[in-house]
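# Breakdown of the fold
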Amino acid sequence: MGIRIFGPKKNRAKLPGFGLTLGLSMLYMTILIFIPLSALILYSAKLPIKEFWALISDERVVTAFKISFSSTFYAAVFNFFFGLILAWVLTRYNFFGKRVLDALIDLPFAIPTAVAGISLATLFSKNGILGVFLHKFGIEIAYSKAGIVIALIFIGLPFVVRTVQPVIQELDKELEEAASSLGANFYQIFFRVLFPAIFPALLTGFALAFARGLGEYGSIIFISSNMPYETEIVPLLIVKKLLQFDYRGASAIGVTMLVCAFVLLLLINLLQSFARRRKIN
Amino acid sequence: MKREGFGKIVPYALVVSLFFAAIGGVSAGGQSASAGGTEQKGSVELLNVSYDPTRELYREYNDAFAKYYKDKTGVEVTIRQSHGGSGGQARGVIEGNEADVVTLALAYDVMQIGDKAGIIDSNWQTRLPNNSSPYTSTIVFLVRAGNPKNIKDWDDLVKSGVQIITPDPKTSGGAQWNYLAAYAFAKEKYGSDAQAREFVKQLYNNVPVLDSGARGATNTFVQRGLGDVLLAWENEAFLSINELGKDQFEIVVPSLSILAEPTVSWVDGITSRHGTLEVAKEYLSYLYSDEGQRIAGRNYYRPSNPQIAQEFVTQFPNLKLVHIDDYFGGWRKVHDYYFSDGGEFDTIIAELKKK
């Protein structure tokens with residue numbers, strides 16, 4: 001049921017105001033997203049392709065990309081599972097303090113990421129409350145790759161919970177009852193009836209957490225050791241380039257990151273619509 | 001039952017982490033408030049863009065200067081301060097942070113503001129006494145109480161098993177002084193540049209974390225308990241000891257270090273627009289007055305006035321200090337060779353980390 005923009009009048013959408021709202025949306029998107037992003041791309045377009053390639057294929061940059069993408073991926077996968085559990089618990093059960101817990105989920109959205117990074121570093125460093133304990137077992141979280149992942153888990157969690165929660169809430173109890181009456185056990189109900197319904201939303205949450213994590217800077221630089229070739233993330237590299245007044249280098253890396261992130265999000269979106277279609281059929 | 005237990009633990013865990021978030025936030029401090037404020041007659045506002053470890057110094061100095069200026073002219077001065085890594089602060093000014101005066105860690109950063117934004121006259125370093133550095137400092141070691149790794153001089157830092165905390169020279173002015181001090185020591189001791197380079201490389205092999213600024217590195221060492229030795233500004237080392245007690249840390253003074261000259265300048269382009277040129281000049285000149293010098297000394301910066309320095313002679317140990325212009329040929333050369341992209345520091349790190 002597509003909406004035709006240029007068609008005979010009678011075929012137009014029934015709801016009024018389409019032209020106006022679309023116009024406003026485009027204006028808004030242009031000012032907020034297209035112009036800043038194309039400025040970035042135009043800036044890096046000043047670079048000859050050879051130089052651009054030399055910049056982004058530099059081993060240090062490539063390593064930073066690997067670190068950024070892998071740790072963001074791990075964090076998003078972690079949130080994929082634990083976000084689902086949290087959302088499940090929050091919608092399906094009643095317990096004391098549920099409202100508080102529900103409100104707490106959004107906090108990582110609200111506090112400055114640097115504060116999150118510093119407090120996580122405080123917790124997980126050798127003489128932090130959790131760090132002391134982990135240190136005894138020889139586990140070092142702060143100033144390692146694990147630290148980056150922890151920070152990313154922290155800031156990404158709300159995305160998964162908040163996208164999945166309403167979907168779980170909407171699930172028909174009857175479906176489960178029907179499945180149960182047909183002799184399905186709990187696991188069958190969950191994996192064959194409930195999970196397919198939740199999955200597209202879960203993917204959206206995953207994609208959002210992933211996208212958010214790629215650009216994260218503030219929380220990571222405090223808990224990571226920021227070592228080139230080891231724990232240096234792409235946004236830090238960009239900031240370092242800027243500090244050297246190397247705007248072209250910074251924008252080249254920025255554009256590359258933009259393209260990678262966009263392609264990934266597009267893929268996840270395709271996967272998601274595929275999952276949704278399969279659910280309907 | 002089980003589910004309820006889980007539900008109960010989670011909020012408490014979150015509350016606890018939130019609590020630490022709050023503490024962390026407070027201890028991290030913050031940059032001073034951003035632009036704003038109305039200018040009235042009889043009152044004037046200055047923005048001093050500075051680097052990390054001058055917070056305490058300028059807090060005291062600003063009060064003293066405001067009082068002095070009010071007595072002299074009847075004008076009320078309010079000084080806002082901004083702190084951060086020196087290079088980042090310079091970039092901020094280039095990109096439009098409306099600093100009336102800059103008091104940065106390196107002359108190079110001030111030069112950059114002149115070069116890139118053209119708002120500081122090229123002769124700035126001759127406009128105030130002593131190369132425009134009203135106080136000097138040096139790099140010393142801060143070690144944990146009792147000096148468990150028995151660190152006495154730069155040599156001891158390259159031994160295996162010693163962890164050194166120093167910020168990233170690419171983002172921190174202080175860290176560049178650290179690098180150069182180590183280099184100068186090795187060159188004096190071993191003779192050749194090749195050996196000095198190898199020494200610095202060994203030193204960075206012992207560095208587990210690169211913080212972005214001097215204050216961040218101090219926090220890593222002091223609050224988080226990481227590392228055996230902190231390469232620190234002399235004043236930063238004193239402050240850490242004062243804040244946390246002598247039973248926790250000790251200062252170790254190496255046999256040779258570098259004469260660090262933090263430099264100050266008024267920003268011509270901005271002061272002329274704000275109409276603050278006179279007060280900005282006065283603000284910086286007063287740093288050279290007896291009172292300004294004493295405030296610097298009290299905040300563990302070495303006063304450039306020899307008479308005032310004499311008053312603090314017991315505070316500052318005597319050590320051999322090399323000068324960047326004589327020894328390394330000035331900041332531009334140093335920056336291009338050691339700290340630019342693909343320069344010596346980057347090469348050394350690449351050699352160490354790429355396997």
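Residues numbered from 1 in each chain as written. Chains lettered and ligands numbered in written order. Predicted model: local features only at pLDDT ≥ 70, side-chain atom pairs only at ≥ 80, totals over all residues. Heavy atoms only, no water.

Going by what an unreviewed UniProt entry lists, chain B is known as Sulfate-binding protein (Sulfate starvation-induced protein2) (SSI2) and is assigned to Treponema primitia. According to the UniProt record, the Subcellular location (unreviewed entry) comment for chain B reads "Periplasm". (UniProt positions renumbered as here; feature names shortened; annotations may be inferred.)

In the annotation of an unreviewed UniProt entry, the entry for chain A reads Sulfate transport system permease protein CysT, and the organism field reads Treponema primitia. Recorded in UniProt under Sequence similarities (unreviewed entry), the annotation for chain A is "Belongs to the binding-protein-dependent transport system permease family. CysTW subfamily." Taken from UniProt, the Subunit (unreviewed entry) comment for chain A reads in full: "The complex is composed of two ATP-binding proteins (CysA), two transmembrane proteins (CysT and CysW) and a solute-binding protein (CysP)."

## Digging into the packing of aromatic side chains
Evaluation of the coordinates by the stated rule reveals 48 aromatic pairs over all chains. Ring geometry for phenylalanine 206 of chain A against phenylalanine 210 of chain A: centres 6.1 Å apart, planes inclined by 25°, an arrangement best described as stacked. Of the two residues, phenylalanine 206 of chain A and phenylalanine 210 of chain A both sit in helix α10 (residues 186-214), four residues apart, roughly one turn of that helix. Phenylalanine 210 of chain A shares its class with phenylalanine 206 of chain A; the two are buried. Ring centres of tyrosine 183 of chain B and phenylalanine 328 of chain B lie 6.0 Å apart, and the angle between their planes is 55°; this geometry places the pair in the tilted category. You can see tyrosine 183 of chain B sitting in helix α6 (residues 173-190) and its partner phenylalanine 328 of chain B sitting in helix α14 (residues 324-328), a full 145 residues away along the chain. With relative accessibility at 4%, the residue tyrosine 183 of chain B sits in the buried group. Phenylalanine 328 of chain B gets classed as buried once you look at its relative accessible area, which sits at 10%. Lying over the aromatic face of phenylalanine 221 of chain B, arginine 144 of chain B brings its terminal NZ or CZ to 4.0 Å of the ring centre. (Phe/Tyr/Trp six-rings, centres within 6.5 Å; stacked < 30°, edge-to-face > 60°. Helix = DSSP H or I, 4+ residues; strand = E, 2+ residues; numbered from the N terminus. Buried < 20%, exposed > 50% of the residue type's maximum accessible area, 1.4 Å probe, protein only. Lys NZ or Arg CZ within 6 Å of the ring centre and 35° of its normal.)

## Here we look at the environment of glutamine 112 of chain B
Relative to the helices and strands, glutamine 112 of chain B resides in helix α4 (residues 107-117). With a relative accessible area of 3%, glutamine 112 of chain B lands in the buried category. Note: C-alpha distance between glutamine 112 of chain B and isoleucine 94 of chain B (18 residues apart in sequence) is 8.1 Å. Once residues within four sequence positions are removed from consideration, glutamine 112 of chain B is found in contact with Phe245 of chain A together with Ile94 and Ala117 of chain B. Within the local environment of glutamine 112 of chain B, its side chain forms a polar contact with the side chain of tyrosine 108 of chain B, the two groups lying 2.9 Å apart. (Contact = heavy atoms within 4.5 Å. Polar contact = N/O pair within 3.5 Å; in protein donor to acceptor, adjacent residues only side chain to side chain.)

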